[in-house]
Each structure stands twice: as C-alpha cells, then as structure tokens.
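Close look at the chain arrangement
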Amino acid sequence: MRNEPLRQILWKVGTPALTFGVFLLLWSTASANITTNLGQVPGPTQVLVQAKSLAVEHRTERRKEAEFRKNQTERNAKKLAEDPSAEVKIRKYTGRATYLDQIFTSLRTVFTGFLIASFIAVPVGILCGLSRTIMLALNPLIQIFKPVSPVAWLPIVTMVVSAVYVVPKEWMPKSYVISSITVSLCCLWPSLINTSIGVASIDKDYINVARVLKLGFFAKIFKIVLPAAMPYIFAGLRISLGVGWIVLIASEMLSQNPGLGKFIWDEFQNGSSQSLARIMVAVFTIGLVGFALDRVMVALHKLVSFGQEIH
Amino acid sequence: MVFLTGIFSSLMSVAALAADLEKDELTLGFIKLTDCAAIIIAKEKGFFEEEGLYVKIEPQANWKTLMDRVIDGELDGAHMLAPAPLGHTEGLLTKAHIIAPYVMAENGAGISVSYEVWQKMKPGLPLQEDGKPIHPIKADYLKPVVEEFKNEGVPFKLAMTYPVGVHNYSFRYWLAAGGVHPGYYTPTDTNGYTEGDVQLSVTPPPQMPPVLQSGTVQGVCVNDPWHTQISVRGIGVPVTSSLFYAKGLPDKVFGVTAEWAEAHPKTLKALVRALIRSGKWLDESVENRDEAARILSKSEYVGADYAIISRMLKGQFGYGEDDIRDEPDWQVFFKEKASYPYYSGAVWWLTQMRRWGQLESKPDEWYADLAKKVYRPDIWTEAARELVAEGKLDATEIPETDGYKTHPGSDFIDAIAYDGKKPNEYLQKFAIGKK
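Quick notes on the rules
Residues numbered from 1 in each chain as written. Chains lettered and ligands numbered in written order. Predicted model: local features only at pLDDT ≥ 70, side-chain atom pairs only at ≥ 80, totals over all residues. Heavy atoms only, no water. Helix = DSSP H or I, 4+ residues; strand = E, 2+ residues; numbered from the N terminus. Rg over C-alpha atoms; globule rule 2.2 N^0.38 Å. Buried < 20%, exposed > 50% of the residue type's maximum accessible area, 1.4 Å probe, protein only. Contact = heavy atoms within 4.5 Å. Areas by Shrake-Rupley, 256 points an atom, 1.4 Å probe, with all protein chains shown as cover. Lys, Arg positive; Asp, Glu negative; His and termini not counted. Charge placed at Lys NZ, Arg CZ, Asp CG, Glu CD. Core = buried A, V, L, I, M, F, W, Y, C linked by side-chain atoms within 4.5 Å. Buried area = accessible area lost by both parts, 1.4 Å probe. Salt bridge = Lys/Arg side-chain N within 4 Å of Asp/Glu carboxyl O. Polar contact = N/O pair within 3.5 Å; in protein donor to acceptor, adjacent residues only side chain to side chain. 1 Å grid on protein atoms, 1.4 Å probe; cavity = no way out; pocket = protein on both sides within 12 Å on 5 of 7 lines; lining within 4 Å. Points joined across faces, edges and corners; volume = space filled by probe spheres on them. Nonpolar A, V, L, I, M, F, W, Y, C, P; charged D, E, K, R; others polar. Pairing = 2+ DSSP bridges. Expected span 1.5 Å × (residues − 1). Bend = angle between axes of the 7 residues up to and from the residue. Phe/Tyr/Trp six-rings, centres within 6.5 Å; stacked < 30°, edge-to-face > 60°.

We now examine the overall build of chain B. Scanning chain B from N- to C-terminus turns up 19 helices and twelve strands. Its C-alpha atoms give chain B a radius of gyration of 22 Å, within 12% of the compact-globule value 22 Å for 435 residues. With the C-alpha coordinates aligned to their principal axes, the bounding extent of chain B is approximately 85 × 50 × 35 Å. The buried share of chain B, reckoned over its 435 residues, is 62%. Contacts spanning at least 24 positions in sequence make up 73% of the contacts within chain B whose residues lie at least 6 apart. Carbon and sulfur atoms make up 52% of the accessible area of chain B, which totals about 15900 Å². Each charge class in chain B can be summarised by its mean position, and for the 46 positive and 60 negative side chains these summaries are 2 Å apart.

Structure representation (structure tokens):
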C-alpha cells in the first residue's frame, strides 16, 4: 500500500502514454506501406519535419515584414526630410499569411460564428423552454435545419452575403463574414435545444416562487430562469463550440477565408511530396486547438454548475 | 548640383508614378497551375513594385470561386481560363463584363486516359522505331473502347475543369476529331451530354489522379503537374498535349472586370506593363525558367515539387515514367507574341461554344464584336509601346496586326485551318458540331 500514490500516477500518466505510443507505432508502420499519388503517406517524423518547416517559414516571413516596414519608414523619413510637404504613404505588407496567422484567423472566425449563434440560441431557447406553444411552433424548423451540413449552407450564405454586404470593410472581408455565418448556422442548434430543455426542466417550485414574488418577466429570467438553467446552457454552448470548430474547416476550404481550412485546401492543390505531411500538421493542430477550446468550455461549465461533476 | 537634381528627378518620377495610379495596393487571384507564372514572377522579381504596385497574391479554391471573387470586387484581377471572360460577358455563367488585356500562357493542357483504357487502346497504336507509340494519339484509337463501354451499357465518363474552360473545349475538340461525339449543350441539358458518346463533367484538378485511379472517370483533360503525377504513378497514360490538337491559342489570360478597368485605367496599364516584362523574363532563357520553377514550387504559389514544375517549364512532357519527350513549346508565355490578346484567339473559343451548343447561331460580326469587347490588345499595345520607349522592350516584340492571326491546318489535330474572320465558314468544316 506504500506505493499506492506512485501507482496512481503511473496509471494516470502511463495508460494514455502507452496508447499514444502504440498509435505512433501503428501509424508509422501503416504509413510506410501505403503509397499514394502524392508519394508515401507521411509518418510521424515527416509530420514533425513539416511542423518545424512551417515554424521556420513563419519566422522568415515575419523578418521580411519587419524589413519591409523598416525600409518604408526610412524611405518616408528621407522623403519628408527632402520635402516636408511630400505625401508619404504607409503601405501594408503584402506578403503571405503564415501558419500561425492562419490559426488565429480560424479562431477569430469560429468565435465570431459562435457568438452570433449564442446570441440567437440562448434567448430563443429560453422562450422555447418557458412556453410550450413557442416550442411547438419552432420545433419543425429546428428539426429540419439542425442536420444540414455547412457545405450545403455555404453557397446560399455566399450569395446572400455578396448581395447584402456590398462594400466590405477592410477588417471584415466577405470570406470572413461568410465563414462566420456558416459556422453560426451549424452550431446554433445544440445551444438552442439544451437551453430549452434546461429551462423547461427547472424545478416548478422556483417558478412558483417567482409568481409569489410577482417578479416581472425580465426579473424572472435573470434572477430565476438563467441561474437555474445555467449548467444546461453551458453544456449546450460547449457542444456548439465543438461543432463550430468542426464545420469551420469545411466552410473555410470553400469560402477562401485564410484559416486552417484554406491551408488544407491549398496544400491539397499543391500536390507536392510534402503536402500530405503538412495537411497532417493541420490535422493535429485542429485536434489540439479543438481540445483546448473544449477544456475552456468545461472550465466555464464547472464555474456555473455549483459542484456537479463535469467531464 | 547635377547630382542633386539627379536624385531629385528620380525621386520625383517615382513619386509621380505612385501618385498617378488610382490604386496601388492590389489583391490578385490565381489557381495553382504553372501558367500563373507571369503574376508570381512579376511580384517576386519586383516588376510590380517598379511600376509602383504593391500586390498581394492569393491562391483560389477553384475557378468558380475565383471568377465570383473578381466579379464581386474582392479581387482586383486574376489569372483566368482564356474562354472564361467571354463566357461571363455573354452570360453563360454569372453575367459580368470582364476584359482580358494580357494572355498569360499558350498551350499547356493535356489529355490522359486511365490505365485500363490505355491497355485496350495500346494494341492498335502505330509505333515509333524504338517501340514507343507515336504521339499525339488521335481519338480514333479511343473510339473502339468507347463503343465497347456503350455496348455494355456503361457510361464512358471524362473529367475537365470548368464548363466555359479550356479543358472542356479542348477535350471535345480532340474527341470529335477522332469521331467520338462529346455531346451537345441544349437549353434543357446544361451538362452537355445530349447525343454524346461520352459524359464530360467538372472535377477539381487535384482530384483528377484519384478519380482516374478509382475508375470514376476514364479520361481527364487538365494542365500539368497532374499528367506527370498520373503517368509517374502508373494510374494512366497521357495521350496528347494541347500543342498537338490546338496549337498557339490563348490558354490563360489576365482578367479584370470592365468596371474596374474603367475606374483604374492607369493602374491597369501599370499591371500590364509589369506582366509583359514578367512574360519576357520567363521566355528569355532556360536559366530563368529554372529560377521560375524554384519560385513556383514554394508552397504559397504553385507548390508542386520543383522536379515536376521544372520539367514542365523546360518543355519536357512525360508520356510515361520512361518516356519523357522534348516539347519545347509545351508552355509558352511570351515568345512569338504569345502574350498579345489576339481577337482571333477569342473568336476561336467562341466558335467552340457555338459548336457544342452553349451559344445560338450568330453572324460573323457578332463574334468580332464580342471578341473586341473582351480581348483588349489596345491596352497591351499601349503598355508595350511605353516599354519600348523606355528601352525595356524591343519594337519587334509588338506584333503588327489587326488582331487576327490565321492558323494553318497543321496547328490542329484534324488539320482544319482556322480564319478568325470567318467563324461561320469555319464551323461548317466540322463533321461533328452545330453550325
């Protein structure tokens, strides 16, 4: 029994480490034996090499950008020194987006979509939970739109955005708007459904208390309904964010939003011998970022769940 | 004093140039194919910057996305399939007036058939002295295979890249020249299968090797590097390059919307100047082609392996792993006036749209008018004359022409000569095709 804590640690760390090891082994043996028309399927080493080369490319690009800015400042200073009334222009660097930039674009896009979805899903979900009539009325729409894939929404969203959002702002290009809206259309449903279930299953006593206290509609929602339904709502939001991250990649592939989805599609189009390894780097990045997002949502969920166990 | 004025005037000219342009920060789109080289080289070799242009270049997911983004104004201009500006201006796809002041490449497409089909074609093929088949291979040899599929009731499926694109018309041309009916478009049949012996449909280039391998299609028409990948992996065999079935026609152009051109005339001229210089550089020497291959193989540009791109740019076409042949004109960017947007090139693509039923029958003047509205040699010439005046281009590099170039029968696989001034007469000469 003396070794119990040690055994616990070994068990907790060793088990996943072992599976991961077996996975790497299976992967490298399998990949060595499959040849595609882009060459051999990359093994763990090739993927690591490409991950490093992406990091190097990022640093090189940043250095080039810094040089560009420096030259520009010097050029402008010189111009002003010679002719104080000269018009100088600050130009943006026209280099390419690096892998790190693409990850941040993806994150920004998914959060925009997720926020839009949440601002619609939670209020509508509350209404559905409070009133059986509203629930009945909206149910067919929810059921029909819930299973639609992002790829189906995308052409419609693209056309509508192009028609409505005619003069894009520089900080909000069309491709970003299109991807975000597509994401929100797909990740709306889990939050909506969970919120309505959460609200509908609030202990009737609580609602009665609100009635006794003669609370107004908004007071009832903010003081009673929201706090009571919080665990359900956050469970829904957690699923929504997960769904959003999954559909984001597909929608970026086709909408030209310069995130991870576009990275994968561009690499696929490259068809070089490194392309598959670079796509694998993106696969792992997507997985790790998705995992991190989920952990953040779990932490938030725990905060509002008052000690219930969440996994 | 002389020194000072020298500095001053050179500063003035740069400043004047920059101040003169309506827009100097541009975003241009391209598809990952070697024929986008003029745009990439203009950026990498500094031709854009010398014209006062700060250009961001962005790969696009597919031709449809690219065209939509140009029409929407998200892209200032782009690398386009040579027939696409004509098709869009006429309204065969999203209607938008697009102009093409520069031809980015001639030739470069090719046709490959699956290994299974190749095995069936092979026994009948005429051979060279070394036992290798004589190229180009005509569709006459494909015909029995198509008939075999037909008798078994299996559709013979083929892949190309865009309905108003080079590969659609090229494939149809080659098939029809060998007596295989590629099918007509009709108002109710937008797939273009009517009366056809085969079914052509759109597939994105990177998916061509897998669909050919899985037997989803029996043949593909696309640009390299995909033929090289197909032949190297033994998935299929290239039967011909566009050099042999329709030589010297524009394959890709640089296009902008007419609206954009009107609002930015000086910027457009600066762009065309940079592209002309870039095209000239590309065709200047083998060393430049090699440097271009290194640049294009970067993952943010074409991204395919250097070995594959350089093979193509240096004019070597791989008919098989052990059968690489010299085709120096496999892809031409500038020499022999290739970058000049001839009206005759535009009219040729229009005759093919008519031939396969995408267009109604039209009088000869209609062809000339549309060509003139879309292909803009006037912009090209104006830019080129300035470059000649500055000593950056030779006067002999500007063609003396009314915009029409005649093609002898030897430019085509079916030996039918083409005169762009008489499109209707030309259409009469084809055994298969609407008149």
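That was the structure; now back to the text.
Looking now at the nonpolar core. Most often, soluble globular proteins have nonpolar side chains that are buried together. Residues and elements named next belong to chain B. Judged by nonpolar contacts, the single largest core of 88 residues is most densely connected at L86, L142, F156, W174, L175, W348 and Y375. If we skip the residues at most four places from it in the chain, W174 touches I111, I137, K138, A139, L142, V239, T240, Y245 and I413. Grouped together as the second largest cluster of nonpolar side chains are 54 residues, M104, V256, A383 and I398 included.

Glancing now at the interface of chain B and chain A. Listed by partner, the interface residues are 35 residues for chain B and 36 residues for chain A. For the pair chain B and chain A, the two sides together bury roughly 2900 Å², of which 46% comes from carbon and sulfur. Looking at the side of chain B facing chain A, the largest losses of area belong to Y54, A61 and R233 of chain B, adding up to 18% of the total buried there. The interface formed by chain B and chain A includes one salt bridge. Of the charged contacts in the structure, one is a salt bridge between D72 of chain B and K174 of chain A, with a shortest N-O distance of 3.4 Å. Inspection of the region where chain B meets chain A yields ten residue pairs in polar contact (both at pLDDT 80 or more). Of all the secondary structure elements, the ones that give two or more residues to the side of chain B that touches chain A are α1 (2-20), β2 (54-59), α4 (63-72), α9 (208-213) and α10 (226-232) of chain B.

Further remarks concern empty space enclosed by the protein. All names here are of chain B. Under the defined criterion, the tally for this structure stands at two cavities of 30 Å³ or more. Computed from the structure, the largest cavity encloses a volume of approximately 70 Å³. What lines the largest cavity is N107, V166, S170, S242, Y245, A246, L249, P250, D251 and W349. At the level of elements, α8 (166-177), α11 (242-245) and β10 (250-257) are the ones that each hand at least two residues to the lining of the largest cavity. Split by residue class, the lining of the largest cavity holds six nonpolar, three polar and one charged. Each pocket or cavity is described by its volume, and for the second largest cavity that value is around 50 Å³. Lining the second largest cavity are V103, E106, G248, P250, A338, Y340, Y342, G345, K405 and H407.

The subject of this paragraph is the side chain of Q358 of chain B. With respect to the helices and strands, the residue Q358 of chain B is situated in the loop between α16 (343-355) and α17 (364-374). In contact with Q358 of chain B, not counting residues within four places along its chain, are L92, P163, V164, N168, Y169, Y185 and M353 of chain B.

This paragraph deals with the pairing of β10 of chain B. All names here are of chain B. The buried count for β10 comes to eight of eight residues, which makes it a mostly enclosed element. Direction of pairing for strand β4 (residues 98-106) relative to β10: antiparallel, over a ladder of six bridges. Across the sheet, V103 pairs through a bridge with V253, a residue of β10.

A word on the environment of G39 of chain A. Its location among the elements puts G39 of chain A in strand β2 (residues 39-40). Expressed as a C-alpha distance, the spacing of G39 of chain A and Y206 of chain A, which sit 167 residues apart in the sequence, is 64 Å.

This part is about the pattern of salt bridges. Residue and element names in this part refer to chain B. One pass over the structure, following the stated rule, counts 35 salt bridges over all chains. Between K120 and E148 there is a salt bridge, with its nearest N and O atoms 3.1 Å apart. With K120 in helix α6 (residues 115-121) and E148 in helix α7 (residues 143-151), this residue pair connects regions lying 28 residues apart in the sequence. The exposure class assigned to K120 is partly exposed, which follows from its relative accessible area of 36%. Via salt bridges that share partners, E50, E51, K269, R273, R277, E382, E386, E390 and K392 belong to a single interconnected network.

Glancing now at helix α1 (residues 4-32) of chain A. Across its 29 residues, α1 of chain A extends 41 Å between first and last C-alpha, which sits within 8% of the 42 Å expected from 1.5 Å per residue. Where α1 of chain A bends most, the angle comes to about 30°, and this point is G14 of chain A, followed within four residues by the proline P16 of chain A.

For the rest of this paragraph, the subject is the packing of aromatic side chains. One pass over the structure, following the stated rule, counts 26 aromatic pairs over all chains. Look at F23 of chain A and W27 of chain A: their rings are 5.8 Å apart centre to centre, the planes differ by 35°, and that puts the pair in the tilted class. Remark: W27 of chain A and F23 of chain A occur in helix α1; sequence separation between them is four residues, near one turn of the helix. A ring pair is formed by F317 of chain B and Y319 of chain B, whose centres lie 4.8 Å apart and whose planes are at 70°; its orientation type is edge-to-face.

These results come straight from atomic positions and should not be treated as a statement about function.
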